[in-house]
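Structural description and commentary
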Amino acid sequence: MHRTVANEPRPALNALTAISAPRLRAGVAIGAHTAVDFYSFLPIGLLPLLRARLDATPAQVALLLAVGSVTSGLVQPAAAFVSDRLNTRAIGTLGLLVAAVAICAMPFAPSFAVLLALYSTGAAGVGAFHPPAVAAVGQLAGRRRSLAVSVFFLAGMVGGILGNVLPPQHAARFGVESLAWLAIPGVVVAAALAWAIHAVPHRRHDAHESHRGLSRTDRRRRWAAVWLLYAGNFVRFSVNMALVYLLLAWVEQRVRSHASADPLALELAQRASAINGAMQAAMQVGMGGAGLAAGWFLRSHHEKAALVAVPMLGAAATALIPNASVPAGFALTVLAGVGFGGLVPVTIALAQRLLPHRTSLASSLMMGGAWAFAGVGSLAAERLHHALGLHSAFVATAAALALAGLLSLLLPGPLLRSIDPH
């Protein structure tokens, strides 16, 4: 008869540990992505209101978007390097805390310069969160890495949707300063994240040995494929930032066309913020829905074809937005989100599989490394808008998205199909 030894774990405890180790910890990290992207997108839906309060110019709005993407993006490779170097994931937890506090303080900014400083600080926190968190989720997922990363990506899109839609409504009802209270849940989520990911190893124990076992040619081919994925994501994220600006301009144009006030009065800015938040959220719907579908259904022998074809669909939808009604524009914006964002989690999982000994670095390149320079999208969109008109700016953005698909033609299909699914 078996007797329970004092130091022997009980079956129930064993079961709880087995669940908490991969599944619950991954679930907490995924949920934290919802929180951090809520903070990331909170200012976007509020841009018309914040602009009206500070009398900011369109060029300043474009600058704000560009600086935020640069700050968020450049922090990610640095956070990945420090995390791997010090063997810690605490950088991600600290990033979430910084994002929550800085972004929720933005409504108190007395000037555009202070607003820019707070947004940049919050964006840096958002950037620092991503590489450690997504690498931990991928590590916990094992052979279901692509699906887990897609769910992680979807969770961020859910946070983005909520961040775009709810704050304008909350500000209209309770005042924009009341958004400061939303920093408190961020502190709670950060504590849960610390428990979930701080003990997760950074890589498979044999990853370095396996990579060193490859020939120099194979290693170079893997790095070349990663840089092609990086270039494609840079274009995708630039399109994303261009559309953030263009949709804001499109919404303001539509609201202004139904009113006599010009520039937008405060009450019209409230209305524009509500519509803008919904349009920005529509991009997240497309990105998140397509990302989950790709992680669930897409197999390795179809990844390259999807990376070529899906941006073409998004490009066609983007070119049609400026002449569409608001309801049709919403639907087209969803398809645009599919086109530029739906396969981003596929690129993250591919990069992690191509560089299994550098999963944090691979993740940061696909996200922040590409995102760092995506601010050129909003700056270029603003210039094109004022030089050639809104319609031409949308068409140029669509052409850029099509370029992302064409770049994927250069990816080595046999290599992508052969790499370890872990």
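Residues numbered from 1 in each chain as written. Predicted model: local features only at pLDDT ≥ 70, side-chain atom pairs only at ≥ 80, totals over all residues. Heavy atoms only, no water.

In terms of regular secondary structure, the protein is built from 17 helices and zero strands. A total of 422 residues make up the protein; the buried ones form 53% of that total. Sequence-distant contacts, at least 24 apart, represent 87% of the contacts inside the protein between residues at least 6 apart. If you sum the accessible surface of the protein, you get close to 17,300 Å²; carbon and sulfur atoms cover 67% of it. (Helix = DSSP H or I, 4+ residues; strand = E, 2+ residues; numbered from the N terminus. Buried < 20%, exposed > 50% of the residue type's maximum accessible area, 1.4 Å probe, protein only. Contact = heavy atoms within 4.5 Å. Areas by Shrake-Rupley, 256 points an atom, 1.4 Å probe, with all protein chains shown as cover.)

In this section: the nonpolar core. By size, the foremost hydrophobic cluster in this structure holds 112 residues, and its most contacted members are Leu65, Phe129, Trp250, Leu343, Leu354, Met366 and Phe394. Per element, the largest residue contribution to this core is 18 residues, and it comes from helix 9 (residues 216–257). Discounting residues that sit within four places of it in the chain, Leu65 has contacts with Ile44, Leu47, Met241, Val244, Tyr245 and Ser378. (Core = buried A, V, L, I, M, F, W, Y, C linked by side-chain atoms within 4.5 Å.)

This brings us to the packing of aromatic side chains. As enumerated under the stated definition, the model contains four aromatic pairs in all. An angle of 10° between the planes, with centres 6.3 Å apart, marks the rings of Phe129 and Phe152 as stacked. One end of the pair, Phe129, is in helix 5 (residues 112–141); the other, Phe152, is in helix 6 (residues 145–174), and 23 residues separate them in sequence. Each member of the pair, Phe129 as well as Phe152, carries the same accessibility label: buried. With centroids separated by 5.4 Å and ring planes inclined at 80°, the aromatic side chains of Trp227 and Tyr230 adopt a geometry described as edge-to-face. One end of the pair, Trp227, and the other, Tyr230, are both in helix 9, three residues apart, so they sit about a helical turn from each other. The class for Tyr230 is buried, based on a relative accessible area of 16%. (Phe/Tyr/Trp six-rings, centres within 6.5 Å; stacked < 30°, edge-to-face > 60°.)

Glancing now at helix 14 (residues 359–371). Along its 13 residues, helix 14 runs 17 Å from first to last C-alpha, staying within 8% of the 18 Å computed at 1.5 Å per residue. Leu365 marks where helix 14 bends most, by close to 45°. Regarding helix 14, the residues found buried are Thr359, Ser360, Ala362, Ser363, Ser364, Leu365, Met366, Met367, Gly368, Gly369, Ala370 and Trp371. (Expected span 1.5 Å × (residues − 1). Bend = angle between axes of the 7 residues up to and from the residue.)

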